[in-house]
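The lines below spell out each chain.
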Amino acid sequence: MAGTFKKIDYRLRPAKHAERIMLIDLFKRMRFAPIETYQYVGFGSVAFIDFRMVHKSLGIKDLISIEATDDPEERTRFERNNPYAGLTLHFGHSSAVLPTLNFRKRSLVWLDYDGTLSRSVANDLATVGRHAHSGSFVGVTFTAAFPTSAKERDKELGRLKDEFPDFLAEDTKASSFDGPKCAEFGRSTLGAILEKAVLDADAGEPNLALKRNVRQVCFFRYKDGTLPMVTVGWIIINNADMDAFEASHFPALPFFETKARHFVLQFHWLHLSRFEKWSLGSRI
Amino acid sequence: MAQLVPTDEGDLTKVDASPTKAFFVEIITKDIQLDEAIQDLVDNCIDGAKRLRPGSDANYNGLRVSIELNAQGFVIEDNCGGIPLDIARKYAFKFGRAKGFKRTSHSVGQFGVGMKRALFKMGDLFSVSSTEPEHSFRIEVDVPTWANDDTNWDFDITELVDRPYAVEQTGTRIQVSNLDPAVATTFSQAGFVTKLRHDIRVVQQHPMRLGLQISLNGQAIIPTEWQLKEGAGIAPAFRQFEDDLGGDSPLSTRLYAGVGESSRAHAGWYVFCNGRCILEADQEATTGWSELSDDGVGVPKYHGQFARFRGYAFLDSDDSRILPWNTTKTGLDLESDAYRRLRGRLIEITRPVIDFLNNLDAEKDLEETDKILTHALAKAAPVALERLVARPVFVYTPQPRRGPPLARISFQKPKAEADRLKEALSAQSNPDLGAKAFEYAYANLIEED
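Every chain is numbered on its own, with residues counted from 1 as its sequence reads. Chains carry letters from A onward and ligands carry numbers from 1 onward, assigned in written order. Per-residue local features are limited, in this predicted model, to residues with pLDDT of at least 70; the limit for side-chain atom pairs, both in listing and counting, is 80 or more; totals at the level of whole chains, interfaces and linings are taken over all residues.

**Quick look at the overall build of chain B**
The helix and strand labels rest on DSSP assignments: H or I over at least four residues marks a helix, E over at least two residues marks a strand, and numbering proceeds from the N terminus. Secondary structure summary: chain B contains twelve helices and 19 strands in total. To get the radius of gyration, use the C-alpha atoms; to get the globule rule, take the number of residues to the power 0.38 and multiply by 2.2 Å. In terms of C-alpha radius of gyration, chain B reaches 31 Å, well past the compact-globule figure of 22 Å for 449 residues. Principal-axis analysis of the C-alpha atoms gives chain B an extent of 115 × 45 × 40 Å. Summarising the internal contacts of chain B: among those between residues at least 6 apart in sequence, 70% fall at separations of at least 24. Contact between residues is assigned whenever the C-beta positions, reconstructed from backbone atoms, fall within 7 Å.

Here it is in structure tokens:
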């Protein structure tokens, strides 16, 4: 989102880099349509790193970057850094830009926020879910840190209860968000909101083959600098494309939990060791 | 003769599960308010208008509905085509929709209970007189007498005349007398009449805008205007959807969202089904308000900054069964497919307006010259919904600034010194003195590149 590039030096983000490589590995497995025919939607920031990787590794030309800035000077800066003719920049808040995009085309969407989990994040995800073509990927990254000081904990707990009233009982304690529980709350809540958005958007669809559903395919936790980050990714898929989903064989990915009875409900927590970061980083 | 009686009292394998009329009358009138019952009768007049002049944007000029009510009785009369004899005989008075009933295209009557429920609710004696192109007839029912006989459910048709009538002569007149004492008391209260006038004005605004005249106790009801502000960079959202929900006809949805005058009572979503207003100024979870947020701030409905929000959702279908209304048409059927599709769309189209209103609210403490959104809003003009062009989201595009950004400087100095300097700089006034003093200092201290 706006301003991330001012906070974090992108050259010093090994885990982020590893995550991008893993997502590209996942995209390469998708068997719904030739991957180069997809569009990629993301929050490019000034460096457009994920856009460059998606373009080089997958051959995707149709790239869309959302930048939440109105400042004409910053706009110019983004425009000048735009590396590709096929990369379109959309300026404005994601809530105002996402509904204007054409999701009738199969899409890889990465909503890479640098903020914490919020209803606004969930609403963006729901917007993508409502419109996404079967065979699309949507991923969300957010900060999964719950405050440690008593005052801040109460405030943050109150905020989450306000924004997710259907998911948090009135007597929920702040301790429910400590450690990995914060990330897990985000994963399960966003997953449920996305699933509802997709099912509701297809409510009453007379052709059962066109009814879509949601399958979780990845769940990463890592540290970006000192910030604990979470990425969850889903494939949106209709009944007609279920064979292609099986053919994609996502469980073969090393970061996919393959032992589960219902793999869609399972998740994999990835803690990268220094060696892993190095070995993943050396692959490009 | 329609009968609801145990099949054979001597048959030991059967138990009697047939309803009594008294139970029936009590149960169907229990869950409806008096004003809603009257609205149901107005709906019937509008369905008559729809049969007479089909199409969702037909011209209803010349068609009238008049309602008279007081402690003695209730009368609703229209010139909207009358109830056809065949429909009256087979369907209009039947409880629930019978098989074989041909629905009025785009109708607001849907469940086959409205008219009966309304009449039973109000009093003990009612009559329905109809003049249609081929017949005229009258049905009069004394409810206690009718309810005493649990075996015969029929009403009697009287004064049947079999001859052609011109369209201008057609119409329906419904009269209720021997009012229930509670109803008579309510009808004699000015507050009830005022509220009913307001409710009809809101609920039936669509047919009234098409030309239908509705009057209550002799006074015409004027429909409200639907407008959203546009101009000075502000542009409302207008989206259309067409959904196949497996019905006989598709569901067509038009959504408009933007800003209007600041009024808490009028802010929110207005949802219409086949022109009938089902929700008015809604800021509840039904229209997704509980799920909106901005930068960690929830959106409680009492927040003043949203008093400018206006949203209009028009859901239309020739197959009224797929519309998401409840039986009293006072709310949405939250389980329906049409509603499930609608809700996410409402949230999606509302969010950018909320963002704008939050930013507008944040301007309150700024200097007058920096209140960019406030000034833009003041310049924007109300525009009728019909004149808006399709736009997927509400947008605000800042106007290009003319000249460099300005800063305001203000300070206080002893008056005697200020007067002396004013004279020295030949300044006309204190603001002029400030500007001249600044220019003097700038010219002497700042070197241009």
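Now, onward.
**Section: the interface of chain A and chain B**
Taken together, the contact between chain A and chain B spans 23 residues of the former and 23 residues of the latter. Those elements giving two or more residues to the side of chain A that touches chain B turn out to be helix 5 (94-97), helix 6 (119-131), helix 7 (150-163) and helix 8 (180-201) of chain A. The greatest single-element share of the side of chain A that touches chain B, amounting to six residues, is contributed by helix 6 of chain A. Charged residues are taken to be Asp, Glu, Lys and Arg, nonpolar residues to be Ala, Val, Leu, Ile, Met, Phe, Trp, Tyr, Cys and Pro, and polar residues to be all remaining types, Gly included. Tallied by class, the residues present in the side of chain A that touches chain B amount to eight nonpolar, eight polar and seven charged.

**Here we look at the sheet that holds strand 7 (residues 213-216) of chain B**
All names here are of chain B. Strand order across the open sheet formed by eight strands is 5-4-3-6-2-1-7-8, with mixed pairing between neighbours. In the strand order of this sheet, the two ends are held by strand 5 (157-162) and strand 8 (219-220), each with one partner. Pairing of strand 4 (residues 135-142) with strand 5, which is carried by four bridges, proceeds in the antiparallel orientation. If you follow R138 over to strand 5, its bridge partner there is T158. Axes here refer to lines fitted to C-alpha atoms; in helices the fit is confined to the stretch in contact. Angles between the N-to-C directions go from 0 to 180 degrees. Packing of helix 4 (residues 114-122) onto the sheet brings it into contact with strand 2 (74-78), strand 3 (123-131) and strand 6 (171-179), and relative to strand 6 it is tilted by some 30 degrees. Only strands joined by at least two bridges in the DSSP assignment are considered to pair.

**Here we look at the environment of A:H131**
Mapped onto the elements of the fold, A:H131 is located in helix 6. Put plainly, a residue is buried at 20 or more neighbouring C-beta atoms within 10 Å of its own, exposed at 12 or fewer, and partly exposed in between, counting only other residues' C-beta atoms, which are placed from the backbone. Look at A:H131 and you get buried, because 21 C-beta atoms sit within 10 Å.

**Some thoughts on the sheet that holds strand 5 (residues 136-143) of chain A**
All names here are of chain A. Pairing within the open sheet is mixed, and its seven strands lie in the order 3-2-1-4-5-7-6. Strands with a single pairing partner mark the edges of an open sheet, and in this sheet they are strand 3 (87-91) and strand 6 (212-224). Within the sheet, the average angular offset between the axes of one strand and its neighbour, ignoring direction, is 15 degrees. By the bridge criterion, twelve bridges tie strand 6 to strand 7 (residues 227-238) in an arrangement that is antiparallel. Within the sheet, the bridge partner assigned to F220 lies in strand 7 and is T231. Relative to strand 1 (residues 39-42), helix 3 (residues 49-58) is tilted by about 165 degrees, and along the sheet it contacts strand 1, strand 2 (62-67), strand 3 and strand 4 (107-116).

**A short note on the domain arrangement of chain B**
What the domain assignment lists for chain B is domain 1 (21-220), domain 2 (227-387) and domain 3 (415-447). Residue ranges for the domains originate in an automatic or database domain assignment. Relative to domain 3 of chain B, the C-alpha centre of domain 1 of chain B lies at a distance of 79 Å.

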